[in-house]
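Analysis of the macromolecular model
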Amino acid sequence: MSPPSDLLRQARPTANIAVLASGGGSNLQVLLDHFDGERAQAGRIVWVGSDKAAAGALTRASKAGIPAAVVSDPRDGDALVETLRAADADLLVLAGYLKLIPESVVRAFHGRLVNIHPALLPAFGGAGMYGQRIHAAVLAHGATVTGVTVHFVDAHYDRGPIIAQWPVPVLPGDTAATLGARVLRVEHRLFPLCVEAVAGGTVVLGDDGKVHGHVAIPVSPAAPEWRFGLVPDTAGDVAAFATEWARLFPR
Ligand code: GRF
């Protein structure tokens with residue numbers, strides 16, 4: 001479904017994207033690479049912030065020549081809004097940011113604030129659910145499917161309207177580390193597509209609080225992992241699905 005035309009933002013052609021990250025920054029890196037390549041006209045990373053001075057994300061930003069800063073008081077929403085305005089940011093993206101986003105920032109970036117979470121929300125989310133804890137909880141519950149969620153951010157951890165999800169299988173013998181690595185590979189595929197869709201206004205948060213539009217996910221033989229979420233409905237599909245699954249996850 002296309003977004004109703006009255007919901008389309010009057011976006012500038014190339015959106016300015018700010019990123020907050022607390023960790024190593026591999027998701028930041030895929031965004032830097034995505035918007036530095038043939039999708040450069042769709043968005044540009046203009047600022048990277050972290051609550052941790054030692055975050056690898058800050059190093060990655062500096063290497064890419066992007067202004068990078070430590071957010072000295074993550075609870076000071078007004079200061080953060082001011083910094084984001086000074087960076088001329090249209091969009092704020094959370095790429096593994098562990099602090100709660102202050103309400104004033106949520107308000108200022110309503111419909112323009114996006115988070116990625118390495119599980120299928122609303123399961124395995126909320127305060128204290130981060131990093132390997134998420135994957136350990138998935139395993140402890142005996143879940144057989146987990147995945148990735150990209151969502152708009154509200155004033156609560158991991159709770160805003162969902163933009164896109166993708167399932168990831170839990171396999172026998174998984175540890176939190178092996179499962180987390182499998183989920184991260186899907187994060188790296190899904191995240192740039194979602195950020196680009198919001199940056200370009202093909203996905204918007206409506207006044208009804210619902211997500212309008214959809215993220216175009218390429219399904220092709222060259223990217224079989226995108227087929228995980230499809231329900232095979234012919235004998236041929238079932239066979240192709242099984243072959244792809246076995247190739248990707250050899251026992
Ligand atoms: C990712 O799993 C992300 O979904 C989560 O934190 C992790 C960050 O990884 N919120 P990285 O720093 O992007 O490598």
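Coordinates for the structure precede this section.
To keep things clear, this report deals only with the structure shown in the data block.

It is worth spelling out helix H1 (residues 26-36) at this point. Of all the residues in H1, the buried ones are Asn27, Leu28, Leu31, Leu32, His34 and Phe35. Taken down its axis, H1 places every buried residue within 165° of arc, on the same side. Where the residues of H1 are buried, they touch strand E1 (15-20), strand E2 (43-50), helix H2 (56-63), strand E4 (91-94), strand E5 (113-117) and helix H6 (176-199).

With that settled, consider the site of the ligand. As a matter of local geometry, the ligand sits amid 13 residues, with Gly23, Ser26, Asn27, Gly96 and Pro118 nearest to it. Put simply, the parts of the chain that give the shell around the ligand at least two residues each are H1, E5 and H6. Across the shell around the ligand, the residue classes break down as five nonpolar, seven polar and one charged.

Side chains of E4 alternate between two faces, with Leu91 and Val93 and Leu92 and Leu94 buried alike. For E1 and E4, the ladder comprises four bridges, and the chain directions are parallel. Bridge assignment links Leu20 to a residue of E4, and that residue is Leu94. As defined by bridge partners, E4 adjoins E5 across three bridges and the pair is classed as parallel. Each bridged residue has a counterpart across the sheet, and for Leu94 the counterpart in E5 is Asn115. Each parallel crossover has a hand, and the one from E4 via helix H4 (residues 103-108) to E5 is right-handed.

It is worth spelling out the packing of helix H5 (residues 132-141) against H6 at this point. Contact geometry of H5 with H6 gives a least axis separation of 9 Å together with a crossing angle of 110°. In terms of orientation, H5 lies roughly perpendicular with respect to H6. Here the hand of the crossing between H5 and H6 comes out right-handed. Of the residues in H6, those touching H5 at Gln132, His135, Ala136, Val138 and Leu139 are Ala176, Ala177, Leu179, Gly180 and Val183. Class assignment for the residues of the contact of H5 with H6 results in seven nonpolar, three polar and no charged.

Basis of the calculations
Residues numbered from 1 in each chain as written. Predicted model: local features only at pLDDT ≥ 70, side-chain atom pairs only at ≥ 80, totals over all residues. Buried ≥ 20, exposed ≤ 12 C-beta atoms within 10 Å, placed from the backbone. Helix = DSSP H or I, 4+ residues; strand = E, 2+ residues; numbered from the N terminus. Arc of directions from axis to C-beta. Contact = placed C-beta atoms within 7 Å. Near = placed C-beta within 6 Å. Nonpolar A, V, L, I, M, F, W, Y, C, P; charged D, E, K, R; others polar. Pairing = 2+ DSSP bridges. Right-handed = clockwise from strand over helix to strand, strands pointing away. Axes fitted to C-alpha atoms, helices over the stretch in contact; angles between N-to-C directions. Parallel < 35°, antiparallel > 145°, perpendicular 65-115°, else oblique. Left-handed = near helix turned anticlockwise from the far one by under 90°.

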